[in-house]
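Okay, here's what each chain looks like letter by letter:
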Amino acid sequence: MKLLLSHDQLSSRIREMGREITKDMAGLEPHVIAVLKGACPFMTDLCQWIDLPLSMDYIAVSSYGAATKSSGEVKLSKDLDTSIKDRDLIIAEDIVDTGLTLNYLVNLLKARGPRSIRVASLLSKPSRRLIEVKVDYTGFVIDDLFVVGYGLDYNEKYRNLRDIVVFEG
Ligand code: IMP
């Protein structure tokens, strides 16, 4: 599999993102929500560079399947543990592809009355977008390639790779 982003490249970009968030959210106590499972390594590393008193929670969604994927119907498979009312959220995503998952999540969380919502995504594939979603912090914009590693999987495999590589079947 071909190397796309080395662990060092990921680390230094994530450090920059954390510092930017620290500046932008000065005086706030961010509540960082990782979208399971892929965003876990990213969220963990990102939070180490956010120099603010933050808290963390996790949410999991799964697609209803190929037939309904394009309608954006996703199912909540693990909800948050605590209320997000009046909190300043950062949604940490591994990758924004069509945008359908993120769009669903933002609408779901918005309805619960947080004070603000920001989105940080390690990767973005803008050429695949079906719906416009606002991503406040993007790690890397990539071409229309299927990638694995650093949390990203193919059939639950390769999440443990330190680098991000192009999956070539
Ligand atoms: P979206 O709803 O199409 O934006 O899909 C987002 C989700 O699809 C991500 O959170 C990933 O779980 C998965 N995904 C999209 N592209 C890739 C990829 O290249 N590798 C691994 N997972 C991907």
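Going by the structure above, here's the rest.
Here we summarise the structure given alongside this text. Keep in mind the model is a prediction, meaning the values are calculated, not measured. (Residues numbered from 1 in each chain as written. Predicted model: local features only at pLDDT ≥ 70, side-chain atom pairs only at ≥ 80, totals over all residues. Heavy atoms only, no water.)

**Details of the site of the ligand**
- Surrounding the ligand, one finds 16 residues, the nearest of these being Asp94, Thr98, Gly99, Thr101 and Val147.
- Taking Lys125, its side chain carries an N or O atom lying 3.0 Å from an oxygen atom of the ligand.
- Separating a nitrogen atom of the ligand from a backbone N or O atom of Val147 is a distance of 2.6 Å.
- Only strand E5 (88-96) and helix H4 (100-110) provide two or more residues apiece to the shell around the ligand.
- Here the element with the most residues in the shell around the ligand is E5; it accounts for 4 residues.
- When the residues that make up the shell around the ligand are grouped by side-chain class, the tally is 7 nonpolar, 3 polar and 6 charged. (Near = heavy atom within 4 Å. Polar contact = N/O pair within 3.5 Å; in protein donor to acceptor, adjacent residues only side chain to side chain. Helix = DSSP H or I, 4+ residues; strand = E, 2+ residues; numbered from the N terminus. Nonpolar A, V, L, I, M, F, W, Y, C, P; charged D, E, K, R; others polar.)

**Quick word on the sheet that holds strand E9 (residues 164-166)**
- Across the sheet, 3 strands lie side by side as E1-E9-E8; this open sheet has antiparallel pairing. The open sheet has two edge strands with one neighbour each: strand E1 (2-5) and strand E8 (147-148).
- Strand direction decides the pairing type here: E8 and E9, joined by 2 bridges, are antiparallel. Looking at E9, one finds that Val148 is bridged to Val165. (Pairing = 2+ DSSP bridges.)

**As for the environment of Pro30**
- Checked against the element boundaries, Pro30 lands in strand E2 (residues 30-36).
- With relative accessibility at 0%, the residue Pro30 sits in the buried group.
- Sequence-wise, Pro30 and Leu80 are 50 residues apart; in three dimensions their C-alpha atoms are separated by 15 Å.
- The residues contacting Pro30, other than those within four sequence positions of it, are Met25, Leu52, Pro53, Leu54, Ser55, Arg87, Asp88 and Ile90. (Buried < 20%, exposed > 50% of the residue type's maximum accessible area, 1.4 Å probe, protein only. Contact = heavy atoms within 4.5 Å.)

**Comments concerning the side chain of Arg129**
- Following the sequence through the fold, Arg129 ends up in the loop between strand E6 (116-124) and strand E7 (137-141).
- For the buried Arg129, no salt bridge is present, and the opposite-charge side chain at shortest range is Glu132, 4.9 Å distant.
- Reaching out from Arg129, the side chain makes a polar contact with the side chain of Ser124 at a distance of 2.8 Å.
- A polar side-chain atom of Arg129 sits 3.2 Å from the main-chain carbonyl oxygen of Lys125. (Lys, Arg positive; Asp, Glu negative; His and termini not counted. Salt bridge = Lys/Arg side-chain N within 4 Å of Asp/Glu carboxyl O.)

**A short note on the packing of helix H1 (residues 7-24) against helix H2 (residues 40-48)**
- One way to put it is that H1 packs onto H2 with a least axis distance of 8 Å and a crossing angle of 55°. As the angle between them shows, H1 and H2 are arranged oblique. The two elements H1 and H2 meet at a crossing, and its hand is right-handed. Along the contact surface, H1 presents Ile14, Met17, Gly18 and Ile21, while H2 presents Phe42, Asp45 and Leu46.
- A per-class count over the contact of H1 with H2 returns 5 nonpolar, 1 polar and 1 charged. (Axes fitted to C-alpha atoms, helices over the stretch in contact; angles between N-to-C directions. Parallel < 35°, antiparallel > 145°, perpendicular 65-115°, else oblique. Left-handed = near helix turned anticlockwise from the far one by under 90°.)

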